[in-house]
Amino acid sequence: MSIFKTSWVIIKIDKVWIKDFVYTIFTCDYGKIKANKKLASKEKTLDLWYIINFEIETKENRNIHKIRNIKIKSEFLNKNRSFSEINSYLVLLSTILKKIPDWVPVMEVYDIVEKITILPPPSGEKIATSIEIKQILATLKVIDIAWELDLKHRNETISRILRFINANKIDSILKLSWIDENTKKELESLL
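### A closer look at the side chain of Gln135
- If you trace the backbone, Gln135 turns up in helix H3 (residues 125-145).
- Classification of Gln135 by relative accessible area gives buried; the value is 0%.
- Among the polar contacts listed, one links the side chain of Gln135 to the backbone oxygen of Glu85, at a separation of 3.5 Å.
- Contacts of Gln135, omitting those with residues within four sequence positions, involve Phe76, Glu85, Ser88, Tyr89 and Ile116.

Here it is, written out as structure tokens:
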């Protein structure tokens, strides 16, 4: 048996029994893994958008590991967020679940989730749209990291954005601020 400490984000939750959950988590050190946790009666349930520090207990020939000593670092605050913004965040988590293989640590993907999670809740319509665009761009970067982003597009503006996503890190990508509603819809259709 081995015990490791790491940080992670929950990308999927399966309820096995009344207080027994299996979490698919993406860790910064070990990639995507499955772990279980039995909740105590007064313990808070873990949610999809938590970034957490924890210890993982592993054993040989085991697909589902045990987690313990959980400490929530941050979470995606869903209050005051629109449905489309929450949905964009869930699409990001779903993309990681589907496109990143198990046990492949990709620190850049973890950085993307961490940066998107700490974005503040919007205080206006224009800011909400801006945050949703950042989530779409982050999801496209995850697709690029998985080597599945097609850089060719019939629209030259979209093609330039895709090449920019391919060539840059998430910090630079999140600074794009001039994307209009039509471009946003076109980018969203690529997810």
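Moving on from the coordinates now.
### Quick word on helix H2 (residues 107-117)
- Here H2 has its buried residues at Val109, Tyr110, Ile112, Val113, Ile116 and Thr117. Within H2, the buried residues cover an arc of 155 degrees as seen down the axis, which keeps them to one side.

### Notes on the confidence of the model for the chain
- Averaged over all residues, the pLDDT of the chain equals 83, while 93% of them reach at least 70.
- No element of the chain has a lower mean pLDDT than strand E1 (residues 2-17), at 78, and none a higher one than helix H4 (residues 156-167), at 94.

### Some details on the pattern of salt bridges
- As enumerated under the stated definition, the model contains 14 salt bridges in all.
- For Arg160, the salt bridge is made with Glu156, and the minimal N-O distance between the two is 3.5 Å. Of this pair, Arg160 and Glu156 are both found in helix H4, four residues apart, which corresponds to roughly one turn of the helix.
- Its relative accessible area of 42% is what places Glu156 among the partly exposed residues.

### Here we look at the nonpolar core
- Within the largest apolar cluster, 55 residues are counted, with the highest numbers of intra-cluster contacts made by Phe26, Ile96, Leu137 and Leu187.
- Per-element accounting of this core gives the leading share, nine residues, to H3.
- Setting aside residues up to four positions removed in sequence, Leu187 forms contacts with Ile136, Leu137, Leu140, Ile158, Ile161, Leu162 and Ile179.

Reading the values: rules and limits
Residues numbered from 1 in each chain as written. Predicted model: local features only at pLDDT ≥ 70, side-chain atom pairs only at ≥ 80, totals over all residues. Heavy atoms only, no water. Helix = DSSP H or I, 4+ residues; strand = E, 2+ residues; numbered from the N terminus. Buried < 20%, exposed > 50% of the residue type's maximum accessible area, 1.4 Å probe, protein only. Polar contact = N/O pair within 3.5 Å; in protein donor to acceptor, adjacent residues only side chain to side chain. Contact = heavy atoms within 4.5 Å. Arc of directions from axis to C-beta. pLDDT = per-residue confidence, 0-100. Salt bridge = Lys/Arg side-chain N within 4 Å of Asp/Glu carboxyl O. Core = buried A, V, L, I, M, F, W, Y, C linked by side-chain atoms within 4.5 Å.

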